[in-house]
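Observations on the model geometry
Single-letter residue listing:
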Amino acid sequence: MTSPMYEIRDASKRFGGVLALDGLDFHLGAGEVVGLLGDNGAGKSTLIKMMSGIVPPDAGQVFVDGGEVQVRSRRDSQKIGIETIYQDTALVDSMSIVRNIFMGRELVGKRGFLDHRRMREVAIDVLRTTVHISGIDDPDKEVGALSGGQKQAVAIARAVYFKRRILLLDEPTSALSVRETENLLGYIKRLRDEGVSSVLVTHNLYHAYQVCDRFVVMSHGRKVFDVAKADTSIDELTRHVVLT
Amino acid sequence: MNRPVAWIRRVGQIPGGGILIVFVAIQIVCIAGGLLFPAQFRYLASGNISVMLQAIPTLGVISLGVGMLMIAGEFDLSVGSVYTFASIAAAALLNDFSVPAWVGLIAAIAIGAAIGVLNGLITLAFALPSFIVTLGAMLFWRGMILLMHGALSIDFEPDPVFQAVFGGSIGLLPASFLWLVLFCVGFHVMLQHRRLGNHMFAVGGNRDAAYAIGIRPGQVKLIAFALAGGMAALSGVFSATRVNSITPVGGAGLELQAIAACVIGGLSLNGGRGSVLGIFLGAALIYTIQDLLLLLRAPGFYLDIFVGALIVGAAILNQVAARSAKR
């Protein structure tokens, strides 16, 4: 059997008295979109944070293309090619849209000076072409002045611009309008066609069913159901989310 | 809307622009007063101008370091003590070990930066508010000055070249003011055009978001702490060179004046906001008002009243500006 592109084996994480992840196994294939489902407190966000390196695991191994890697910081996960859109968006309100998109990965010229003009152009381009969020006319606007949906759009634009292999989306649609949500889901599909894998955390089974190739249902830090889209239905998924 | 009003509005929207408008307005009034009543209001007398330009750099240099740290989301209340401690250390090196003055200057900056880093390490390692840690450091190093040196003032007499480069003047322009301008340009470039500056804004604005995106907040904050300590030491040596003597209690109160300059200059106490232009003008404005009151022969306590009102007024203005920017 060939090894999957990305795999976590036997991952555990404890926060005080709570076992957020309890010996979890999870894998992701190349160009695959996996829906990560489960009720609140099932451990979905912890898994996403572990994959992006901001929550180091207590135990467990990570394999990329069959080789074991250490993921203990955001930099480690960046090397693997992971981009994350967080539930709480991870933006700095007091900074402009452009500065937020390029935060930590600023474009610089030869002598290390920030290339403000190029960053501005890219930001305008990404905002216009990928997320189609109306109302963002000025990329120099402070993020604190934006609505929830617009903020989410900036977070999406950032992940989309830096996308490489794996896109993690933690409740990305919670602040979006119907039309914005459709755009985002369409974009996940387009990225899959380009070979980018995604993990989509959501409470909305209809959204998940629309774009995902496979579903993983979690409960109390464990994987309780793992099924390909072809072998299941929304009803069956609902039962597993609600009853486990 | 007519053109000047629109123009003033545009200036008001750039970082530090609000304070710039206030500063220019006060200067216009003062200069007009100086021209109209040259005998009674000696604002434009060369002696007055040179005294003012000599006074600003002490606070300006220290405020630059404190400001960077505030933008990165932390405070340093120990800069006044560091200012004195590091310059006395430099003077002791000159007097007792007869090292060249520039070695003393570098040693002072290194001591200041080291104290800053120590403040930062304690703050970060125990997740304490830097306000508390540096309040302790302020008292600690103030006491260390008296323990190691005593309460007597100490001479600081560097070689003539050093004296000219840091304490001389070109016409009315003191060397220390030119140094301040140079540092302002350098810090502005760092803040606006280098990665480090961008990371300071990010870490000060939202530490968790900066961390989630791959910035190391601890590292950025330590650099900012080092800058605050190093600039305080540098300011101490500048002052020592100007008057060729250091009093062990000389730096007391500077830490609050520096924070005042930063707040007047539009820096947020919560971090993540501010500009070098604002810091410079904040420091310059405090001394302009001091000078103004001296020229009007107002008793000394008027300065506290005016600066106190100015701080609160500036904070209110900044708050209003931040709110209107959100709409």
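Residues numbered from 1 in each chain as written. Chains lettered and ligands numbered in written order. Predicted model: local features only at pLDDT ≥ 70, side-chain atom pairs only at ≥ 80, totals over all residues.

The next subject is the overall build of chain B. Of regular secondary structure, chain B possesses 14 helices and 4 strands. Relative to a compact globule of 327 residues, whose C-alpha radius of gyration would be 20 Å, chain B shows 20 Å and is just as compact. For chain B, the spread of C-alpha atoms along the three principal axes comes to 65 × 60 × 35 Å. In chain B, which comprises 327 residues, the proportion classed as buried is 47%. Once local pairs closer than 6 in sequence are excluded, the contacts in chain B between residues at least 24 apart make up 75%. (Helix = DSSP H or I, 4+ residues; strand = E, 2+ residues; numbered from the N terminus. Rg over C-alpha atoms; globule rule 2.2 N^0.38 Å. Buried ≥ 20, exposed ≤ 12 C-beta atoms within 10 Å, placed from the backbone. Contact = placed C-beta atoms within 7 Å.)

This part is about the overall build of chain A. Of the regular secondary structure elements, chain A holds 8 helices and 10 strands. If one aligns the C-alpha atoms of chain A with their principal axes, the spans along those axes are about 50 × 40 × 40 Å. With 244 residues in all, chain A has 45% of them scored as buried. If you take every contact in chain A between residues at least 6 apart in sequence, the share linking residues at least 24 apart comes to 67%.

A few words now on the nonpolar core. Residues and elements named next belong to chain B. With 158 residues, the main nonpolar core has Ile62, Met68, Leu69, Ala224, Ala228 and Ala233 as its most contacted residues. Broken down by element, this core gets its largest block of residues, 15 residues, from helix H11 (residues 217–243). Not counting chain neighbours up to four residues away, the residues in contact with Ala224 comprise Met68, Leu69, Ala72, Glu74 and Met200. (Core = buried A, V, L, I, M, F, W, Y, C linked by C-beta atoms within 7 Å.)

The next point concerns the sheet that holds strand S6 (residues 82–85) of chain A. Residue and element names in this part refer to chain A. Here we have 6 strands laid out as an open sheet, ordered S6-S7-S8-S3-S9-S10, and mixed in their pairing. The sheet is open, and its two borders are formed by S6 and strand S10 (222–228), each paired with just one other strand. Along the sheet, successive strands turn relative to each other by an average axial angle of 15°, direction set aside. Inspection of the sheet shows strand S3 (residues 33–37) paired to strand S8 (residues 197–201) by 4 bridges, in the parallel sense. Its bridge partner being in S8, Gly35 is matched across the sheet by Leu200. This element, helix H8 (residues 234–243), spans S3, strand S9 (214–219) and S10 of the sheet and lies at about 15° to S9. (Pairing = 2+ DSSP bridges. Axes fitted to C-alpha atoms, helices over the stretch in contact; angles between N-to-C directions.)

The subject of this paragraph is the sheet that holds strand S5 (residues 67–69) of chain A. All names here are of chain A. Ordered in space as S2-S1-S4-S5, the 4 strands form an open sheet in which the pairing is antiparallel. Where the open sheet ends on each side, the last strands, each with one partner, are strand S2 (18–28) and S5. Averaged over all pairs of adjacent strands, the angle between their axes in this sheet comes to 30°, without regard to strand direction. Across 3 bridges, the pairing between strand S4 (residues 59–64) and S5 is antiparallel. Its bridge partner being in S5, Val62 is matched across the sheet by Val69.

Chain B puts 19 residues into the contact, and the matching count from chain A is 22 residues. Of all the secondary-structure elements, those providing two or more residues to the side of chain B that touches chain A are helix H9 (195–205), helix H10 (207–212) and helix H14 (301–326) of chain B. Considered class by class, the residues forming the side of chain B that touches chain A number 9 nonpolar, 6 polar and 4 charged. (Nonpolar A, V, L, I, M, F, W, Y, C, P; charged D, E, K, R; others polar.)

Moving on: the environment of Gly214 of chain B. Assignment of secondary structure puts Gly214 of chain B in the loop between H10 and H11. Once residues within four sequence positions are removed from consideration, Gly214 of chain B is found in contact with Arg74, Arg75, Gln78 and Gly104 of chain A.

So, on to unusual backbone geometry. Residues and elements named next belong to chain A. Despite not being glycine, Asp10 has its phi angle at roughly 55°, a positive value. By the secondary structure assignment, Asp10 is in strand S1 (residues 6–15). The partly exposed category is assigned to Asp10, around which 13 C-beta atoms lie within 10 Å.

All names here are of chain B. Their axes nearest at 9 Å, the elements helix H7 (residues 160–167) and H11 cross at an angle of 115°. Judged on the interaxial angle alone, H11 and H7 are roughly perpendicular. You can see that H7 and H11 cross each other, and the crossing is left-handed. Here H7 contributes Gln163, Phe166 and Gly167 to the contact with H11, which in turn contributes Phe238, Thr241 and Arg242. Looking at the contact of H7 with H11, its residues break down into 2 nonpolar, 3 polar and 1 charged. (Parallel < 35°, antiparallel > 145°, perpendicular 65-115°, else oblique. Left-handed = near helix turned anticlockwise from the far one by under 90°.)

Once that is clear, we can look at the environment of Leu168 of chain A. Residue and element names in this part refer to chain A. Secondary-structure assignment places Leu168 in strand S7 (residues 166–170). Classification of Leu168 as buried rests on a count of 24 C-beta atoms within 10 Å. Put simply, Leu168 and Val201 are 33 residues apart on the chain and 8.1 Å apart in space, counted from C-alpha to C-alpha. Every residue in contact with Leu168, bar those within four places of it in the chain, is listed here: Ile48, Met51, Ser52, Ile82, Thr84, Ile85 and Val199.

On to the pairing of S2 of chain A. Residue and element names in this part refer to chain A. Pairing of S1 with S2, which is carried by 7 bridges, proceeds in the antiparallel orientation. For Arg14, the partnering residue across the bridge sits in S2 and is Leu19. As consecutive antiparallel partners, S1 and S2 are separated by 2 residues, and within that stretch Gly16 has a phi angle of approximately 60°, a positive value.

Residue and element names in this part refer to chain B. Viewed as axis vectors pointing N to C, helix H4 (residues 79–97) and helix H6 (residues 130–148) meet at an angle of 30°, and their least axial separation amounts to 8 Å. By the angle class used here, H4 and H6 are roughly parallel. In the crossing of H4 with H6, the sense of the turn from one axis to the other is left-handed. Between H4, through Gly80, Ser81, Val82, Thr84, Phe85 and Ile88, and H6, the contact on the second element is made entirely by Met138, Trp141, Arg142, Met144 and Ile145.

Okay, the pairing of S3 of chain A next. Counting buried positions along S3 of chain A yields 5 of 5 residues, so the element is predominantly enclosed. What you see with S3 of chain A is no split at all: Val33, Gly35 and Leu37 of chain A on one side and Val34 and Leu36 of chain A on the other are buried throughout.

Attention now moves to the environment of Ala153 of chain A. The topology assignment puts Ala153 of chain A in helix H5 (residues 148–162). A tally of 29 C-beta atoms within 10 Å means that Ala153 of chain A is categorised as buried.

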